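# Structure at a glance
Spelled out from the first residue to the last, the chains are:
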Amino acid sequence: MRRGNGGIDSSERTSVDCALWKRERKQTVAAFTPDVNLNIYPSRDGSKEFIMCSYPKTGCSQMIMLLNYLWKGEKITTAQHNQGARQNNMLARDSPSFNSTTVPRILIMRDPYKRTVSSYHDFKRRNAGNARALSLSFEDFIGNIVANSSATKATVGFEQPLDHRRPISEGCSNPSWIHGGWDYVFQLEQMALWLPCFQEMLNLTHIISGGWRNSSLFKTVELSVQDKYRLFVHADGKSLSKAVVTGHENPKEDIHTPYTIEVVNRVFFNDFVLGGYKLQID
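Before going into details, it helps to say that this report is about the structure given with it.

Here is what the cut-offs are and how they apply
- Numbers given for residues are sequential positions, taken from 1 along each chain in its written order.
- It should be noted that, the model being predicted, local features are given only for residues of pLDDT at least 70 and side-chain atom pairs only at 80 or more, the latter also being counted only at that level, while totals for whole chains, interfaces and linings use all residues.
- With hydrogens and water stripped out, all remaining heavy atoms of the structure feed into the side-chain values.
- By the convention used here, strands pair only if DSSP detects at least 2 bridges between them.
- Helix and strand labels come from DSSP, where a helix needs a run of H or I of at least four residues and a strand needs a run of E of at least two; each type is numbered from the N terminus.
- Axis angles are defined between N-to-C directions and span 0 to 180 degrees, where every axis is a line fitted to C-alpha atoms and, for a helix, only to the segment in contact.
- Buried, partly exposed and exposed residues are distinguished by accessible area as a fraction of the type maximum, computed with a 1.4 Å probe on protein chains only: under 20%, between the cut-offs, and over 50%, respectively.
- Here, residues are in contact when the closest pair of their heavy atoms is within 4.5 Å.

An order of S1-S2-S3-S4 is seen for the 4 strands of this open sheet, with the pairing classed as mixed. In the strand order of this sheet, the two ends are held by strand S1 (38-41) and strand S4 (184-187), each with one partner. Shown here is a sheet whose adjacent strand axes are inclined to one another by a mean of 25°, direction ignored. Pairing geometry for strand S2 (residues 50-54) and strand S3 (residues 105-109), over 4 bridges, is parallel.

Note on placement: Phe-158 falls in the loop between helix H6 (153-156) and helix H7 (168-171). Note on Phe-158: relative accessible area 6%, which makes it buried. Separated by 28 residues in the primary sequence, Phe-158 and Asn-130 have C-alpha atoms spaced 8.1 Å apart. What Phe-158 contacts, discounting residues up to four positions off in sequence, is Phe-123, Asn-127, Asn-130, Arg-132, Ala-133, Leu-136, Ile-145, Thr-152 and Lys-153.

For Asp-45, which is not a glycine, the phi torsion comes out positive at approximately 55°. The backbone of Asn-203 sits at a positive phi, close to 55°, despite the residue not being glycine. On the secondary structure map, Asn-203 appears in the loop between helix H8 (191-201) and helix H9 (205-208). Judged by relative accessible area, Asn-203 falls into the partly exposed class, the value being 31%.

Okay, here's the thing in structure tokens:
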């Protein structure tokens, strides 16, 4: 049975195996740039150590809550971004785990079309008191803010961290990691499929199913056999609302235009390739 906190009862094992997302890692690393979103998740209470990149706008708050617990033993549900978990657990080139074949590297991707809509809503929230920002259309946001890698608060006068709107492959996936740097690449949209095997593979089931201070962690919903098939075989990003609960935007909303699709295809091309997403071509 499914527990109320969103975890999976150990007696109810999924038929979907993590091997379906397994990739062949190449050991040669020509270059490496540390990133605050690329972290070592330490072992605690029998869990296995792993390396993960959970970039902003990919449901990363849940992973930060998990990282906080594995790091400090505290199951916090508020202000999780301000506890220093990411800063204190950044993967470094000289880390013993860096080239370990027993420490899996895991990357979470999100459909770039959905992620840029989420970034736009985040941008609006952060600039709620800025009339100029609130008047910015989605096309202007994509064309002038997202596509401009040098657009910062100092240059455009708007609040929003750069990693909330830039490609995932530009941050966590170092140049030499884009092809062959990861053991597992999961799509956020398929979380209801891969979460059970993720928990079991890393011995996290008992930690997550134990509750999270009267809150929940990894909110997924039950899927029918038909939904599982459609989600896995077709990788339908529009199924996000049926796979995982995200915090802010309407997952069914689609405000893209031919212009924004062209820009996103160009700017996020490596994300489409790395995550296995389909480009929309008019």
